[in-house]
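Notes for the structure review
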Amino acid sequence: MAASFCKNLFLAAVAGSMALLLSCDMNLPYRPTQFIPPRVTVPLTSRDMIRDFIGLSHHRFKLAFTKKADQSIYVVDFSSMEIGRGGEAAAPKAYRIKNSGMPDSPLFSPDGSLITYFVRSSATTQRAYVQVIDETSDPVLVADQGTDPHFWQDSAGNLFVVYSDKFQVPLNALPGLSGYATYRQRIDPATGALIGNRETIADRPYNGGLSRSGRYLCTGYSDGAFYDRENGLLHRINYDQASGGMQICNPSISPDSAHEDWMLFLPFAGTQKLDFSAMASSPGMITMHEYLFVVDRENTVRWQRPHPSGYSQWQDPEWSNDFNFMVALAKVASNESDTRHDCFLIRRLDQGLLRLTTDDFRLDDSATPAFWISPD
Amino acid sequence: MERSGSKHEHGMMLCRTGAAALALMLLGLWVTARLAHAPAAGEFVSATRLMPWQNIGGCGAGGSGGLGGGNIKWIGRGVSGGILDIQAIAGVEISQTRRNYAFMHRFALKPTSSSSLALSVPVLSKTAQFQPQANLPSRTEVTGGIGDLLLDFSQTFGSIGQYSFLATLMFPTGQYDIKRGEETGRQYLSNILQLGGGVYAASIGLSYSRDFDKGILVADLLTTHPFVINFSGENSYNDETAGGWGYATDLMSDEEKRRFEYYFKPYGENDLGGYTAPSLYGAVYYGDKRNSRYVHSYGVTFNIPLQVNWIPNYSASVYDPIPDPDFWTWSGTLQYGVEFSNVEHPLYLVVAKQIHDRATPPGQDRRYSVEAVNTWNGPDWRDFAATWSFAVGIRTSAF
């Protein structure tokens with residue numbers, strides 16, 4: 001009888017505990033939710049200083065850069081800067097967008113709402129993406145084999161991504177290189193979704209972007225050149241017939257319609273094979289990444305700027321969407337193991353510099369920054 | 001999604017009450033065990049006397065994925081006489097896009113004549129199609145290794161030993177963060193290719209068996225509750241210096257911070273954000289023992305997760321879990337087995353068919369919606385027709 005009583009008690013306890021455990025589960029104290037990463041405060045230069053430097057008091061500014069440590073893209077909207085307790089502008093917040101793999105070379109859309117970049121999975125595999133700039137939107141794959149994507153907008157306001165399928169062209173190999181091409185893919189300006197099929201716009205890979213009218217493509221890595229889509233002519237830069245070309249990096253086509261056959265780039269060490277006749281002087285023999293140059297399709301230098309004093313070299317220059325402003329990194333130390341870089345906003349007209357980063361916040365050597373200024 | 005304070009308090013109160021009931025149950029267990037009837041020699045010993053070989057909870061608890069959804073059970077006369085019971089079962093699961101091999105070894109001791117304590121060690125080999133995005137090509141991936149270890153205890157009681165109390169504890173020894181791909185674009189493989197779930201899981205339940213002249217009926221009912229322990233207190237995947245995500249936890253809410261800094265979580269959320277829901281498991285088996293040489297058995301199981309499972313983002317660069325788009329609101333197994341009875345070395349052959357509801361993958365704009373995937377549907381007949389599990393097992397007794 002005792003055993004029967006205990007058995008019944010036991011069964012009741014088991015059944016009761018199961019029921020209660022189930023009810024615990026049913027009430028489910030924990031429910032997973034979507035994770036949205038918090039915005040990180042980044043001590044950059046203030047919005048007011050940028051406004052003073054640019055001279056546009058009512059405009060908005062954004063900076064994008066990559067971070068090697070966490071393989072992410074950060075976007076800083078300087079309009080989101082809060083006012084501190086003392087009335088001073090507090091540091092802006094950077095939000096981290098979702099991406100898959102180590103991103104490279106982010107660029108803003110004309111209205112600043114989208115970003116395009118590529119992920120370099122290996123020496124031969126790069127994937128181009130576009131996505132809405134916020135913490136929750138997912139990247140949209142533009143091309144499974146696509147490198148150095150740039151935005152381009154036609155006269156009707158349709159938005160495209162221009163990219164090629166070859167990341168690095170061996171020096172002096174571009175004219176004979178076949179099997180690769182440059183493409184243009186239309187996208188939805190609100191979501192980045194692809195619209196229709198891509199269009200082949202050149203039968204060689206050009207990685208520096210498409211000019212405003214759509215006539216010129218430019219490239220580097222390693223061969224520098226302009227391609228005129230109107231007549232199919234290739235204009236090689238930093239090149240002479242006798243000895244061939246010199247390697248250039250980070251080609252960035254001018255955003256201006258009146259100067260659409262201009263290109264910004266980063267040179268290698270040596271005496272450049274450029275025409276300096278339009279400049280006051282030629283720099284002669286230069287060290288690695290000592291200068292930034294802007295050249296036209298006739299190989300004539302239209303602008304040049306040495307790195308600021310106290311730094312060892314330039315890195316990752318990029319034209320903003322405003323013809324008068326560029327952005328670039330400057331390496332803090334000379335030894336290779338120190339990857340700290342400051343980010344500078346460059347004013348083309350007088351070569352003025354504004355340091356965007358601070359001693360408390362610097363970028364790494366692969367940050368590939370981009371800067372956007374609102375059109376109005 | 002915020003949860004009201006009163007609801008949280010209500011839930012915690014019920015859970016505390018449940019813990020008290022569990023303590024009472026264990027006390028009753030101890031008392032009853034002292035008075036329980038031990039089976040006499042020569043009685044038909046159903047597999048429930050000894051903790052049956054099974055992967056408790058199947059896909060729900062950890063996802064180490066035994067055969068037939070982890071719900072294959074040996075019904076037969078078994079072996080007797082030794083202190084140590086050893087079972088080894090090898091099987092294969094074949095489906096449209098995957099092929100899994102599992103080698104399950106179970107070592108059981110009998111502390112008393114009516115109780116059993118066992119350790120199960122699964123070794124798995126998995127091959128499946130992997131397609132992280134719809135617009136990327138599908139590719140075949142292979143994984144292999146030890147799955148999640150299972151410790152189980154059973155205590156028989158009742159006038160004729162017809163009841164068994166069951167308790168299991170699963171350890172996250174199977175790898176759950178297997179990645180593939182290029183160095184700058186590593187991707188986590190899907191759950192079906194992982195060897196474990198990255199969570200502990202505790203189950204308790206009851207088994208009831210009833211002997212007839214010609215057969216035996218066995219019924220099981222268990223509830224499983226996953227949880228997580230982190231001995232270091234830090235989610236190692238967030239360590240930026242080691243190439244991790246580097247999320248700043250000081251800016252997070254307490255609940256969000258617990259994803260990256262914790263010692264214990266009373267729920268099954270692993271460090272990649274994959275969430276294993278508590279679940280309910282039930283099974284009914286009938287063994288035909290008319291022939292002294294064979295035991296034919298027929299079984300039906302069901303498994304119901306009590307919440308939607310979540311899976312990690314395939315990209316190793318971000319912490320971005322989503323509700324599992326292939327979530328099954330219910331699943332089960334239909335099993336036929338035959339034991340070639342032998343006092344010392346019985347042999348068991350089994351074929352099983354997994355049945356589950358049709359998943360409802362949401363669109364891209366609803367990928368974070370639990371409601372979008374938590375839809376009860378009819379059976380996925382296509383997968384039912386294409387998925388087969390076969391296994392062969394042997395048992396012996398030692399010492």
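Here goes a summary of the coordinates provided.

Procedures and definitions
Residues numbered from 1 in each chain as written. Chains lettered and ligands numbered in written order. Predicted model: local features only at pLDDT ≥ 70, side-chain atom pairs only at ≥ 80, totals over all residues. Heavy atoms only, no water. Pairing = 2+ DSSP bridges. Helix = DSSP H or I, 4+ residues; strand = E, 2+ residues; numbered from the N terminus. Axes fitted to C-alpha atoms, helices over the stretch in contact; angles between N-to-C directions. Patch = residues over 30% accessible without salt bridge, like charges linked within 9 Å, V, L, I, M, F, W, Y side chains within 5 Å. Areas by Shrake-Rupley, 256 points an atom, 1.4 Å probe, with all protein chains shown as cover. Salt bridge = Lys/Arg side-chain N within 4 Å of Asp/Glu carboxyl O. Lys, Arg positive; Asp, Glu negative; His and termini not counted. Charge placed at Lys NZ, Arg CZ, Asp CG, Glu CD. Buried < 20%, exposed > 50% of the residue type's maximum accessible area, 1.4 Å probe, protein only. Phe/Tyr/Trp six-rings, centres within 6.5 Å; stacked < 30°, edge-to-face > 60°. Lys NZ or Arg CZ within 6 Å of the ring centre and 35° of its normal. Contact = heavy atoms within 4.5 Å. Polar contact = N/O pair within 3.5 Å; in protein donor to acceptor, adjacent residues only side chain to side chain.

1. Brief notes about the sheet that holds strand β12 (residues 199–202) of chain A
Hydrogen bonding along the main chain pairs the strands of a sheet, whether they run parallel or antiparallel. All names here are of chain A. Spatially, β9-β10-β11-β12 is the arrangement adopted by the 4 strands of the open sheet, whose pairing is antiparallel. Only two strands of the sheet have a single neighbouring strand rather than two, namely β9 (147–153) and β12. Adjacent strand axes in the sheet meet at a mean angle of 30° when their direction is disregarded. Here strand β11 (residues 182–187) pairs with β12 via 3 bridges, running antiparallel. Looking at the pairing, Arg 184 lines up with Glu 199 of β12.

2. Let's talk about a negative patch on the surface
Residues and elements named next belong to chain B. A contiguous patch of negative charge, built from Glu 234, Asp 239, Asp 250 and Glu 261, is present on the exposed surface. Along the chain, Asp 250 turns up in the loop between β10 (215–229) and α2 (254–257). Residue classification places Asp 250 among the exposed residues on the basis of a relative accessible area of 62%.

3. As for the packing of aromatic side chains
Taken as a whole and judged by the stated rule, the model has 39 aromatic pairs over all chains. Pairing Phe 35 of chain A with Tyr 319 of chain B gives two aromatic rings, centres 5.1 Å apart and planes at 85°, and the pair type is edge-to-face. Separated into two different chains, Phe 35 of chain A in the loop between α1 (2–27) and β1 (40–41) and Tyr 319 of chain B in the loop between β16 (310–311) and β17 (322–323) make up a pair that spans both. Just as Phe 35 of chain A is buried, Tyr 319 of chain B falls in that class too. Between Phe 227 of chain B and Phe 264 of chain B, the ring centres sit 5.9 Å apart and the planes meet at 45°, which makes this aromatic pair tilted. Here Phe 227 of chain B is found in strand β10, whereas its partner Phe 264 of chain B is found in strand β11 (residues 264–265), with 37 residues between them in sequence. Residue Phe 227 of chain B is classed as buried on the basis of its relative accessible area, which comes to 15%. Its relative accessible area of 47% is what places Phe 264 of chain B among the partly exposed residues. One aromatic cluster is present, formed by Phe 35 of chain A together with Tyr 237, Trp 245, Tyr 247, Phe 260 and Tyr 319 of chain B through successive ring pairs. The residue whose ring lies beneath Lys 166 of chain A is Tyr 180 of chain A, and the NZ or CZ to ring-centre distance is 5.2 Å. Just above the ring of Tyr 262 of chain B sits the side chain of Lys 265 of chain B; from NZ or CZ to the centre is 4.3 Å.

4. Thoughts on the environment of Glu 318 of chain A
Residue and element names in this part refer to chain A. Along the chain, Glu 318 falls in strand β24 (residues 314–319). The class for Glu 318 is buried, based on a relative accessible area of 12%. Sequence spacing of Glu 318 and Ala 328 is 10 residues, and the spatial spacing of their C-alpha atoms is 6.3 Å. For Glu 318, the residues in contact, after removing those within four places along its chain, are Leu 107, His 150, Ser 252, Leu 264, Met 326, Val 327 and Pro 369. A distance of 3.0 Å separates a polar atom in the side chain of Glu 318 from a polar atom in the side chain of Ser 252.

5. With respect to a nonpolar patch on the surface
A cluster of nonpolar side chains, namely Ile 83, Leu 109, Leu 117, Leu 119, Leu 151 and Phe 399 of chain B, defines an oily patch on the protein surface of about 570 Å² accessible area. Inspection of the secondary structure puts Leu 109 of chain B in strand β2 (residues 98–109).

6. Comments concerning the pattern of salt bridges
Counting across every chain of the model gives 27 salt bridges over all chains. The salt bridge involving Asp 365 of chain A is made with Lys 68 of chain A; its shortest N-O contact spans 2.8 Å. Of the two residues, Asp 365 of chain A sits in the loop between β27 (352–355) and β28 (370–373) while Lys 68 of chain A sits in the loop between β2 (61–67) and β3 (72–77), which places them 297 residues apart along the sequence. According to the relative accessible area criterion, Asp 365 of chain A is partly exposed, its value standing at 29%. In this structure, Lys 265 of chain B engages Glu 269 of chain B in a salt bridge whose closest nitrogen and oxygen atoms are separated by 3.0 Å. Accessibility classification places Lys 265 of chain B together with Glu 269 of chain B in one group, the buried group. Through salt bridges with shared partners, one network takes in Asp 342, Arg 355, Asp 359 and Arg 362 of chain A.

7. A word on the sheet that holds β24 of chain A
All names here are of chain A. Strand order in the open sheet formed by 4 strands is β24-β25-β26-β27, and the pairing between neighbours is antiparallel. The sheet is open, and its two borders are formed by β24 and β27, each paired with just one other strand. This sheet shows a mean twist of 25° between the axes of neighbouring strands, independent of strand direction.

8. Things to note about unusual backbone geometry
Residue and element names in this part refer to chain A. Each neighbour pair has its own omega, and for Tyr 221 with Ser 222 the value is 10°, a cis peptide bond. Mapped onto the fold, Ser 222 is located in the loop between β13 (216–219) and β14 (224–228). Of note, Asn 250 is a non-glycine position whose phi angle comes to about 55°, a positive value. By secondary structure assignment, the location of Asn 250 is in strand β18 (residues 248–253). Given the relative accessible area of 10%, Asn 250 is considered buried.

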